[in-house]
Amino acid sequence: MALPFFYVENLENDLVVLDEDTSKHVVQVLRMQKGEPILLTDGKGKKAEARIADDNRKKCSVKVFLSATEPEKNNKVVIGISLVKNASRFEWFLEKATEIGVYGIIPLLCERTEKEKFRYDRMKNIVVSAMLQSQQSWLPQLHQPTDIKEVIKQSHYTQKFVAHCLPGQKQKLPHYTPITEHSSIILIGPEGDFTEKEIEWALANKFQPVSLGATRLRTETAGIVASALLV
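Residues numbered from 1 in each chain as written. Predicted model: local features only at pLDDT ≥ 70, side-chain atom pairs only at ≥ 80, totals over all residues. Heavy atoms only, no water.

## Focus: the packing of helix α2 (residues 87-100) against helix α6 (residues 219-230)
Two numbers describe a pair of packed helices, the interaxial angle and the distance between the axes.
In step 1: The interhelical angle for the contact between α2 and α6, taken along N-to-C directions, is 5 degrees, at an axis separation of 9 Å. With respect to α6, the element α2 is oriented roughly parallel. The residues of α6 that touch α2, namely those facing R89, W92, F93, K96, A97 and I100, are E220, G223, I224, S227 and A228.
In step 2: Among the residues forming the contact of α2 with α6, the class breakdown is six nonpolar, two polar and three charged. (Axes fitted to C-alpha atoms, helices over the stretch in contact; angles between N-to-C directions. Helix = DSSP H or I, 4+ residues; strand = E, 2+ residues; numbered from the N terminus. Parallel < 35°, antiparallel > 145°, perpendicular 65-115°, else oblique. Contact = heavy atoms within 4.5 Å. Nonpolar A, V, L, I, M, F, W, Y, C, P; charged D, E, K, R; others polar.)

## Remarks on the pairing of strand β4 (residues 46-54)
In step 1: Summarising the sheet, strand β3 (residues 37-41) and β4 pair through five bridges and their orientation is antiparallel. The partner of P37 across the bridge, within β4, is R51.
In step 2: The turn joining β3 and β4, which pair antiparallel and follow one another in sequence, is formed by four residues; a positive phi near 75 degrees is taken by G43.
In step 3: Where β4 hands over to strand β5 (residues 61-69), the hairpin turn is made up of six residues, counted between the paired strands. (Pairing = 2+ DSSP bridges.)

## With respect to the nonpolar core
In step 1: In terms of nonpolar packing, the biggest core is built from 34 residues, with I79, F90, F93, L94, I186 and I188 touching the most fellow members.
In step 2: Listing elements by their share of this core, those giving two or more residues are β1 (5-7), β6 (75-82), α2, α3 (120-133), β10 (159-163), β12 (182-188) and α6.
In step 3: The dominant element in this core, judged by the number of residues it contributes, is α3, at six residues.
In step 4: With residues near it in sequence (within four places) discarded, F93 still touches I79, I81, I105, E220, G223, I224 and S227.
In step 5: Within the second largest apolar cluster, 16 residues are counted, among which are V16, V26, I38 and I52. (Core = buried A, V, L, I, M, F, W, Y, C linked by side-chain atoms within 4.5 Å. Buried < 20%, exposed > 50% of the residue type's maximum accessible area, 1.4 Å probe, protein only.)

## Examining helix α5 (residues 196-204)
In step 1: Along α5, the residues that are buried comprise E198, I199 and A202. In an axial view of α5, the angular spread of the buried residues amounts to 100 degrees, which keeps them on one side of the axis. Along α5, exposed side chains directed more than 90 degrees from the buried face belong to E196, E200 and A204.
In step 2: Where α5 is buried, its residues touch α4 (148-153) and β10. (Arc of directions from axis to C-beta.)

## Regarding α6
In step 1: Under the 1.5 Å per step criterion, the end-to-end length of α6 is 17 Å for twelve residues, consistent within 8% with the ideal 16 Å.
In step 2: On its buried face, α6 sits against β6, α2, β10 and β12. (Expected span 1.5 Å × (residues − 1).)

## Overview of the packing of α2 against α3
In step 1: Interaxial distance between α2 and α3 falls to 8 Å at its minimum, and their mutual angle equals 35 degrees. In the crossing of α2 with α3, the sense of the turn from one axis to the other is right-handed. Along its contact with α2, which presents F90, E91, L94, E95, T98 and E99, the element α3 presents R122, M123, I126, V127, A130, M131 and Q133.
In step 2: By residue class, the composition of the contact of α2 with α3 is seven nonpolar, two polar and four charged. (Left-handed = near helix turned anticlockwise from the far one by under 90°.)

## Focus on the sheet that holds β3
In step 1: If you trace the five strands from one edge of the open sheet to the other, you get β1-β3-β4-β5-β2, paired in mixed fashion. Each having just a single partner strand, β1 and β2 (15-17) make up the two edges of the open sheet. Here the average twist between neighbouring strands, direction ignored, is 40 degrees.
In step 2: Strand direction decides the pairing type here: β2 and β5, joined by three bridges, are antiparallel. From the neighbouring strand, V16 faces β5, where its bridge partner is V62.

Have a look at this one:
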């Protein structure tokens, strides 16, 4: 049976005090006791095996006895994706993209984006939970919502793609030329698609127009398809 797996922001010390929510889960929900083993990650590649030193239900402390760092992936895939009106659909995207193994997620603010309140702490918790569920040690970088023009201007990636629905010559994303060590970003538009002006900005900044298939996809579905094809 796999050991319980938890996230802590700092794994620099041998003795780690878990936060209150994690402590309650370990001691009250899992009913773990002093001396029992658990796994920890800092989300920056480090994974550690530890044993419970103090089973306090509010400040459970654990002693690290073995740790290792997993290297970053050579292909760093960033998904720039518009927020959608239904927050639960965006949360579903965050969960699945994290499980697939994307490097970063940038919520986009586009001209047609339905402006919804972005609860960063809740979204971050979803990403953390998905990382742990999928037994990964690298936490995707979750950015604050950013204007698409800023993302386009600051996109210093090896490969840059924009997926849109307007007619025109586009390559199919599965047919892009992969590079052994590279960083990629793909832009996914809102319900209603990018405006012509936004697409022009992207193309002027060397984004390649791509198609994700023959059918028209919801924003969050397109994000998952792009994640699966690029990671």
